[in-house]
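Chain by chain, the residues run as shown.
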Amino acid sequence: MFKKVLIANRGEIALRVLRACKELGIATVAVHSTADADAMHVRLADESVCIGPPPSKDSYLNIHEILAACEITGADAIHPGYGFLSENAKFAEILEAHSITFIGPSAEHIRVMGDKIEAKKTASKLGIPVVPGSEGEITEEEDAKRIAADIGYPVIVKAAFGGGGRGMKVANSESEMSEAFHTARTEAGAAFGNSAVYIEKYLAKPRHIEVQVLGDGKGGGIHLGERDCSLQRRHQKIWEEATSPVIDDAAREKIGTICANAVQGLGYSGAGTVEFLYENGEFYFIEMNTRLQVEHPVTEMITRIDLVNEQLHVASGVGMSVTQEDIKFSGHAIECRINAENPDTFVPCPGTITHYHVPGGLGVRVDSGMYHGYKIPSHYDSLIGKLIVHGRDRPECLMRLRRALDEFVVDGIETTLPLFRDLVSNEDILAGDYDIHWLEKYLAEKNQTG
Ligand code: MV4
C-alpha cells in the first residue's frame, strides 16, 4: 500500500479521497491554487502545496506544478479525482515515466475510451450491446446519407472526441443530414481539435443508466450495479439513483455480468463506468468513463463498498478487497448535487457562506468541503457538495431525502437546494417515471408558468 498520496483535485472529491487515504493510514498531500488556500481538504491534509494562481490551466491542470509538488513531498502516488487530469492519458504516461503511480487505469485504456469510435468498437468486441450505427468515422456526406438510410432516421451525428453532449447533431430525415453532418464536423474540429464524427440511431426517449465496474488489472473484474442518471440539465447530472427505478434484478444481473466480463477481457485496472442509453428494455452502450464519477456515493451506499479504498488497493498492487460474490445490493440511494447556482436560472453565484447546517440521522451523508464562513471561489465549477441519502427501499429513501433537504441550511449564497425540494415531491419523480429529457421539459414548463 502507498505511503503518501498526492490528491490532484479540489473541493468535495479531494476531501473524499483524503478520507479514504486516512482510513488506510496513508499520508496525504493536498495541492491547491491561491484561491483554495482555505479549503477544507487543505486544512485536513497532512501536507499541502500551493501549485499556482486560480485559473485551472495554471494550477489543477498544470502537470509540471503537480509533478514538482510530488517531488517536494515524496508522494508515491497521485489520485486525480474526476475532471481536471483524471482522463488525461499523457498525464498518466508522464507519471509512469517518473515512477509515480497514477491511481487509475492505464494510459492505453484512457486513450481508447477517450475516442468514442474506438470505445464502441472495443465494447462491441467485448460483447457489450452498442447503439446501431456506423462502423467508424464518417468523412463524406454521401457516406453519412447512405449509412443513415441503412439505420433509419432519426439519426445522431456525434464527435469522436466529444463529451458532455457537445458536438452532437440530430437529423430527422435525409434533408437534414447535410447540415447535421457538416455542422457536427465543424463544431468538433473547433471544440476538440479533431473533426472526426460517427453516426448512430437516435434514441428519442431513453434513460441514462451507467454500470459501475472495478478491475484489478490482472484479468479480474466485477460490477457493482447500476446508477440511473437520467435527470440532467444541459448534460449536467443533478440527481442520481442506485438502483434504477426501472431495472429489475434480472436485468441488473445480465448487464452487470456483461460489463464485468468486458472488464476482465480488457484487463482493465481500477474503477470505471460503462454508460448506456436504456430504452424499451434494451441497453445501448454509448461510452465508458475511466475515472471515479461524481455520483459514486450512491453505489457505495447500497453496496457498502468504499470505491476509493478499492482504487487504492488496486493501484498499489494489493488487489481488490472484494469478489463479485461479496457484492450485495441493499436498499436504495439518491444523490442530489448541490451547486452554488440560482435554482431557477442555474447562473453560478459564488460568495461567502454565512450559515451552514447539514442534515444528519440514519442514512444521510453529505460530501462537501463547505463550512461556515467559507468563500466559494468563482474560478471552478459550481458543485459545492452532494447530499446522499439511503433507505431500505425507494419510498423510504424519498421520505428521508425530503426530511434531509428541509434540514439543510446554506445561507449567504444561492444554491440548487430549492429545486430538489420541489423534485422530491413531484409525482413523476416519486413514480420514477422520467427520461433524459424530463428535467428540461419540467424546467421549461415551470419557467412558463412562473
Ligand atoms: C445519444 C442520445 C440519443 N441517441 N445517442 C449526450 C451526451 C453523450 N453522453 C451522449 N448523449 C446522448 N447520446 C443516441 N444514439 C441522447 C443523448 C443525450 C443524453 C444522453 C444521456 C443523458 C442526457 C442526455 C441529454 C441529451 C442527449
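For clarity, every value in this text was computed on a predicted model and none was experimentally measured.

Definitions and cut-offs
- Residues numbered from 1 in each chain as written.
- Predicted model: local features only at pLDDT ≥ 70, side-chain atom pairs only at ≥ 80, totals over all residues.
- Heavy atoms only, no water.
- Helix = DSSP H or I, 4+ residues; strand = E, 2+ residues; numbered from the N terminus.
- Buried < 20%, exposed > 50% of the residue type's maximum accessible area, 1.4 Å probe, protein only.
- Contact = heavy atoms within 4.5 Å.
- Axes fitted to C-alpha atoms, helices over the stretch in contact; angles between N-to-C directions.
- Left-handed = near helix turned anticlockwise from the far one by under 90°.
- Nonpolar A, V, L, I, M, F, W, Y, C, P; charged D, E, K, R; others polar.
- Pairing = 2+ DSSP bridges.
- Domains from an automatic or database assignment.
- Phe/Tyr/Trp six-rings, centres within 6.5 Å; stacked < 30°, edge-to-face > 60°.
- Near = heavy atom within 4 Å.
- Polar contact = N/O pair within 3.5 Å; in protein donor to acceptor, adjacent residues only side chain to side chain.
- Areas by Shrake-Rupley, 256 points an atom, 1.4 Å probe, with all protein chains shown as cover.
- Right-handed = clockwise from strand over helix to strand, strands pointing away.
- Parallel < 35°, antiparallel > 145°, perpendicular 65-115°, else oblique.

## Re the overall build of the protein chain
Then, number 1: Each helix and strand counted, the protein chain has 15 helices and 20 strands in total.
Then, number 2: For the C-alpha atoms alone, the extent of the protein chain along its principal axes is close to 60 × 55 × 45 Å.
Then, number 3: With 450 residues in all, the protein chain has 57% of them scored as buried.
Then, number 4: Relative to all contacts within the protein chain whose residues are 6 or more apart in sequence, the contacts with residues 24 or more apart total 66%.

## Some remarks on the packing of helix α1 (residues 11-23) against helix α11 (residues 307-315)
Then, number 1: Where α1 contacts α11, the axes come no closer than 9 Å and their chain directions differ by 65°. The handedness of the crossing between α1 and α11 is right-handed. Of the residues in α11, those touching α1 at Arg 16, Val 17, Ala 20 and Cys 21 are Leu 307, Val 308, Asn 309 and Leu 312.
Then, number 2: Here the residues of the contact of α1 with α11 sort into 6 nonpolar, 1 polar and 1 charged.

## A closer look at the pairing of strand β12 (residues 269-279)
Then, number 1: The buried fraction of β12 is high, at 11 of 11 residues.
Then, number 2: Relative to strand β13 (residues 282-289), β12 is paired through 7 bridges, and the arrangement is antiparallel. Its bridge partner being in β13, Glu 279 is matched across the sheet by Glu 282.
Then, number 3: Linkage of β12 to β13, two consecutive antiparallel strands, is achieved through a turn of 2 residues, within which Asn 280 is found at a positive phi near 50°.

## A few points about the sheet that holds strand β3 (residues 47-52)
Then, number 1: Pairing is parallel across the open sheet formed by 5 strands, whose spatial order is β3-β2-β1-β4-β5. The open sheet has two free edges, formed respectively by β3 and β5 (101-102), since each of these has just one partner strand.
Then, number 2: One ladder, built from 3 bridges, connects strand β1 (residues 4-7) with strand β4 (residues 77-79); its direction is parallel. Bridge pairing links Val 5 to Ala 77 in β4.
Then, number 3: Packing of α1 onto the sheet brings it into contact with β1, β2 (27-33) and β4, and relative to β1 it is tilted by some 175°.

## Overview of the domain arrangement of the protein chain
Interfaces are often described in size by the accessible area the parts lose on coming together.
Then, number 1: Assigned domains of the protein chain: these are domain 1 (4-88), domain 2 (132-201) and domain 3 (207-449).
Then, number 2: Centre-to-centre separation of domain 2 and domain 3, based on C-alpha positions: 30 Å.

## Describing the environment of Leu 231
Then, number 1: With respect to the helices and strands, Leu 231 occurs in strand β10 (residues 221-233).
Then, number 2: Given a relative accessible area of 0%, Leu 231 falls into the buried group.
Then, number 3: When the C-alpha positions of Leu 231 and Glu 142 are compared, they lie 36 Å apart, and in sequence the two are 89 residues distant.
Then, number 4: Every residue in contact with Leu 231, bar those within four places of it in the chain, is listed here: Gln 236, Lys 237, Ile 238, Trp 239, Ile 429, Tyr 434, Trp 438 and Leu 439.

## Looking at the packing of aromatic side chains
Then, number 1: Tallied over the full model, the rule gives 9 aromatic pairs.
Then, number 2: Taking the centre distance of 6.4 Å and the plane angle of 85° together, the rings of Phe 276 and Phe 285 count as edge-to-face. Neither Phe 276 nor Phe 285 differs from the other in exposure class; each is buried.
Then, number 3: When the centroid spacing of 5.1 Å and the interplanar angle of 55° are considered together, the rings of Tyr 371 and Tyr 374 count as tilted.

## Brief notes about the site of the ligand
Then, number 1: Of all residues adjacent to the ligand, which total 17 residues, the nearest are Lys 158, Glu 200, Lys 201, Leu 203 and Glu 287.
Then, number 2: Taking Lys 201, its main chain carries an N or O atom lying 2.7 Å from a nitrogen atom of the ligand.
Then, number 3: Glu 287 is positioned such that a nitrogen or oxygen atom in its side chain is 3.1 Å from a nitrogen atom of the ligand.
Then, number 4: When the ligand is considered free in solution it has 530 Å² of accessible area, and contact with the protein chains removes 91% of it.
Then, number 5: Elements that contribute at least two residues to the shell around the ligand include exactly β6 (155-159), β8 (197-201), β12 and β13.

## Some remarks on the pairing of β2
Then, number 1: Among the 7 residues that make up β2, 6 are buried, leaving the element largely enclosed by the rest of the structure.
Then, number 2: Bridging between β1 and β2 involves 4 bridges; their strand directions are parallel. Along β2, the bridge assignment pairs Val 5 with Thr 28.
Then, number 3: Regarding topology, α1 serves as the crossover connection from β1 to the parallel β2, and that connection is right-handed.
Then, number 4: Where β2 lies against β3, 5 bridges are found, and the strand directions are parallel. What sits directly across from Ala 30, in β3, is Ser 48.

## Details of the packing of helix α5 (residues 107-114) against helix α6 (residues 116-125)
Then, number 1: Contact geometry for α5 and α6: axes closest at 5 Å, N-to-C directions at 105°. Judged by the inter-axis angle, α5 sits roughly perpendicular to α6. For the pair α5 and α6, contact is made by Val 112, Met 113 and Gly 114 and by Lys 116, Glu 118, Ala 119 and Thr 122, respectively.
Then, number 2: Counted by class, the contact of α5 with α6 contains 3 nonpolar, 2 polar and 2 charged residues.

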